[in-house]
Amino acid sequence: MQELSDRDLDAAIMAAHRRDEPAALARLYGKAAAEREAAGDVDAACFYYTQAYVFALSAGLNVAADFNERLAFHGRDEIQSDLRSLQEHFPPDASPIDEPGI
Amino acid sequence: MTIHTELGSVLRSVAEARGLPNAHYTDPAVFAEERQSVLFANWAGVGFAKDVPETGDAKPVNFLGMPLLLVRDEDGGVNVYQNTCRHRGMILVEEPQKIRGAIRCPYHSWCYTLKGALRTTPHVGGPGRSIHEDIKRDELGLIRIRSYVWQDVVFVNIDGKAPAFEVANQHLLERWKEFDQPLYHGGAGASFTLSLDTNWKLAVENYCESYHLPWVHPGLNSYSRLEDHYNIEERGLYSGQGSLVYRQLKDDAGTVFPDFGALSDKWDTGSEYIAVYPNVLLGVHRDHTFAILLEPVDQTHTIEHVEIYYARPADDLPKGLSDRNTAQWKEVFEEDIFVVEGMQKGRSGIFFDGGKFSPAMDGPTHNFHHWVASQIEAGRSC
Ligand code: FES
Ligand SMILES: [Fe+2]
């Protein structure tokens, strides 16, 4: 079951890359990161959090601050204190971000 | 190879001077010298603030081969950066776009803020590690190009060594301080470009003087006679012409454009047309201004970017009138094409000696030659 879910997530990430949807990529990588973190695999989690963080930044999403916090907590990036207000300046990406089945 | 043209004769008084030698219009080596000494060493126009109206708007500009990026930040400021990633030199932004949260390099995704700071360097210390002791972010922000917005024109000093914009242009800023007020671009219809087979300087030289009006712009001259014009020349600074008989455009009902606020009487029927050296040509009137940015493509090609501005937003202007105003100016500027292209052709004549200025009529043009020659001499002496 876990195996299948990972494959679905990978496929969804690939699809979001093909459609060039940073907001969807932020959400999907964020999900992958949280799963690896919960499983205790910090290196894999931080790889995914890094991807999630960059796409959240690109899309101007406040959730970038959450990803940045996880990375800083694990000593993988510097904390950026101004990220909470990102969406005030940048209207969120209008593209659809929901992936069926995930 | 650097060709050292002889400029002493250009630096004499208008009565005795010759114009710049042919090589300044035809030779790629001299064009390269002018790129550095004239265009990069001074405050050159590279774009318009109205092209990046909102936070996150980014517009790439290629100025004489130099990739620049215009970015509107969250405080409303216009920033100009070298459009090159600090990592391995990837071009950062290739099409005008809205940046949402970060200027992200498309290669390895180094991310910069709108103010140019390096925000993150993903996986730079290995997978999942975005920090490394040798990657010092505060030393790796985008290279900022000195810039200043005036009359909506984005001016840059690429070599970073010119006096501050307000100092370099103090005299002109003072002269036109009454026009230091909000300008509203006239919208899509108030914008056009002309592509010219000429050296950029010939467009400046023609713009400066009113001597050609009766011959090249007979229509303009029927209501704006030669004797109603005066020369504007400030040695080492700027030059142009003024008119005493500006008449406002009216629609069929007699409606005119709204005036700029609190102008002195001089502007009731006055207008001025000034070349802001090196490459920006401005015109001011009681009810509109325009800016022409000369984009030097190479020694024999120039693109003129023309933008027209009003005292009120485009939607508040009398219907159809701004289109007529655009058409009127376009006609005038198109009438100048054959002379600026013709002077370019004439400079293939190997016996042309730079020409002879009319002390009465060509002062503003000579003033520009004198300034260009001074910049080149300054460049050669350092
Ligand atoms: S060249 Fe820009 S991130 Fe590598
Ligand atoms: Fe003209």
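Everything numeric here is computed off the predicted structure, so don't read it as measured data.

**Some thoughts on the overall build of chain A**
Here comes step 1: Scanning chain A for helices and strands turns up five helices and zero strands.
Here comes step 2: Long-range pairs, those at least 24 residues apart, make up 51% of the contacts in chain A between residues at least 6 apart in sequence.
Here comes step 3: In the structure as shown, chain A presents an accessible area of about 5200 Å², 54% of it carried by carbon and sulfur atoms.

**Brief notes about the state of the cysteines**
When the sulfur atoms of two cysteines share a covalent bond, that bond is a disulfide.
Residue and element names in this part refer to chain B.
Here comes step 1: Scanning the entire structure with this criterion turns up zero disulfides over all chains.
Here comes step 2: Free of any disulfide, cysteine 111 has its nearest cysteine sulfur in cysteine 105, 9.0 Å distant.
Here comes step 3: When its relative accessible area of 0% is taken as the criterion, cysteine 111 is described as buried.

**Observations concerning the coordination of the iron ion (ligand 2)**
Any two of four tetrahedral donors ideally make an angle of 109.5 degrees at the metal, while pairs among six octahedral donors ideally make 90 or 180 degrees.
Residues and elements named next belong to chain B.
Here comes step 1: The protein atoms donating to the iron ion (ligand 2) are His212 (NE2), His217 (NE2), Asp336 (OD) and Asp336 (OD), with metal-donor distances spanning 2.1 to 2.4 Å.
Here comes step 2: Within one chain, the residues serving as donors to the iron ion (ligand 2) are arranged as H-x4-H-x118-D. The exposure classification of histidine 212 matches that of histidine 217, with both residues buried.

**Focus: the pairing of strand β16 (residues 280–284) of chain B**
All names here are of chain B.
Here comes step 1: Judged by how many residues are buried, β16 sits mostly within the fold: five of five residues are covered.
Here comes step 2: By the alternation rule, side chains of β16 split into Val280, Leu282 and Val284 and Leu281 and Gly283, which are all buried.
Here comes step 3: Here five bridges tie strand β15 (residues 271–276) to β16, and the two strands are oriented antiparallel to one another. Each residue of the ladder has a partner; that of glutamate 272, found in β16, is valine 284.
Here comes step 4: Two successive antiparallel strands, β15 and β16, enclose a turn made up of three residues.
Here comes step 5: Across five bridges, the pairing between β16 and strand β17 (residues 288–298) is antiparallel. The partner of valine 284 across the bridge, within β17, is threonine 289.
Here comes step 6: The antiparallel hairpin formed by β16 and β17 contains three residues in its connecting segment.

**Brief notes about unusual backbone geometry**
All names here are of chain B.
Here comes step 1: In this chain, tyrosine 277 is followed by proline 278 through a cis amide linkage whose omega measures 5 degrees.
Here comes step 2: Relative to the elements of secondary structure, proline 278 occurs in the loop between β15 and β16.
Here comes step 3: One non-glycine residue, leucine 64, lies in positive phi territory at about 55 degrees.
Here comes step 4: Mapped onto the fold, leucine 64 is located in the loop between β2 (57–63) and β3 (66–72).
Here comes step 5: With a phi angle near 50 degrees, alanine 262 is a residue other than glycine that sits in the positive phi range.
Here comes step 6: With respect to the helices and strands, the residue alanine 262 is situated in the loop between β14 (238–243) and β15.

**Re the interface of chain B and chain A**
Here comes step 1: Taken residue by residue, the interface counts 21 residues in chain B and 25 residues in chain A.
Here comes step 2: Summed over both partners, the interface of chain B with chain A buries about 1900 Å², with 53% contributed by carbon and sulfur atoms.
Here comes step 3: Applying the counting rule to chain B against chain A returns four salt bridges.
Here comes step 4: Between glutamate 78 of chain A and arginine 137 of chain B there is a salt bridge, with its nearest N and O atoms 3.7 Å apart.
Here comes step 5: If you look at where chain B meets chain A, you find ten residue pairs in polar contact (both at pLDDT 80 or more).

**Side note on the confidence of the model for chain A**
A low pLDDT score tells you not to read the predicted coordinates there in detail.
Here comes step 1: This prediction gives chain A a mean pLDDT of 86; 83% of its residues lie at or above 70.
Here comes step 2: Contacts of residues 93–102 of chain A to residues separated by more than four positions or lying in other chains number 21 contacts, the stretch itself having pLDDT below 50.

**A short note on the pairing of β15 of chain B**
Residue and element names in this part refer to chain B.
Here comes step 1: Burial runs high along β15: six of the six residues are buried.
Here comes step 2: With burial as the criterion, each face of β15 is covered, one bearing Ser271, Tyr273 and Ala275 and the other bearing Glu272, Ile274 and Val276.
Here comes step 3: Direction of pairing for β14 relative to β15: antiparallel, over a ladder of six bridges. Following the sheet pairing, serine 239 is matched in β15 by alanine 275.

**Topic: the domain arrangement of chain B**
Residue and element names in this part refer to chain B.
Here comes step 1: For chain B, the domain assignment lists domain 1 (23–43 + 169–381) and domain 2 (53–150).
Here comes step 2: Look at where the C-alpha atoms of domain 1 and domain 2 centre, and you get two points 34 Å apart.
Here comes step 3: Between domain 1 and domain 2, a total of about 940 Å² is buried, with carbon and sulfur atoms accounting for 77% of that surface.
Here comes step 4: Broken down residue by residue, the surface that domain 1 buries against domain 2 is led by Phe40, Trp43 and Leu173, which jointly contribute 46%.
Here comes step 5: Taken together, the links from domain 1 to domain 2 amount to zero salt bridges.
Here comes step 6: Run the count over domain 1 and domain 2 and you get one residue pair in polar contact (both at pLDDT 80 or more).
Here comes step 7: Only α2 (28–40), α4 (170–175) and β17 provide two or more residues apiece to the side of domain 1 that touches domain 2.
Here comes step 8: By residue number, the principal contributor to the side of domain 1 that touches domain 2 is α2, which donates four residues.
Here comes step 9: Counted by class, the side of domain 1 that touches domain 2 contains ten nonpolar, one polar and three charged residues.

**Focus: the sheet that holds strand β1 (residues 44–48) of chain B**
Residues and elements named next belong to chain B.
Here comes step 1: The three strands lie next to each other as β1-β10-β9, forming an open sheet whose pairing is antiparallel. Each edge of the open sheet is held by one strand with a lone partner, namely β1 and β9 (146–150). On average, each strand axis in the sheet is inclined to that of its neighbour by 35 degrees, with strand direction left out of account.
Here comes step 2: When β9 meets strand β10 (residues 153–157), the two strands line up antiparallel, connected through five bridges. Residue pairing across strands places serine 147 opposite valine 156, the latter belonging to β10.

Conventions adopted
- Residues numbered from 1 in each chain as written.
- Chains lettered and ligands numbered in written order.
- Predicted model: local features only at pLDDT ≥ 70, side-chain atom pairs only at ≥ 80, totals over all residues.
- Heavy atoms only, no water.
- Helix = DSSP H or I, 4+ residues; strand = E, 2+ residues; numbered from the N terminus.
- Contact = heavy atoms within 4.5 Å.
- Areas by Shrake-Rupley, 256 points an atom, 1.4 Å probe, with all protein chains shown as cover.
- Disulfide = S-S within 2.5 Å.
- Buried < 20%, exposed > 50% of the residue type's maximum accessible area, 1.4 Å probe, protein only.
- Donors = N, O, S within 2.8 Å, 3.2 Å for Na, K, Ca; no water.
- Pairing = 2+ DSSP bridges.
- Buried area = accessible area lost by both parts, 1.4 Å probe.
- Salt bridge = Lys/Arg side-chain N within 4 Å of Asp/Glu carboxyl O.
- Polar contact = N/O pair within 3.5 Å; in protein donor to acceptor, adjacent residues only side chain to side chain.
- pLDDT = per-residue confidence, 0-100.
- Domains from an automatic or database assignment.
- Nonpolar A, V, L, I, M, F, W, Y, C, P; charged D, E, K, R; others polar.
- Axes fitted to C-alpha atoms, helices over the stretch in contact; angles between N-to-C directions.

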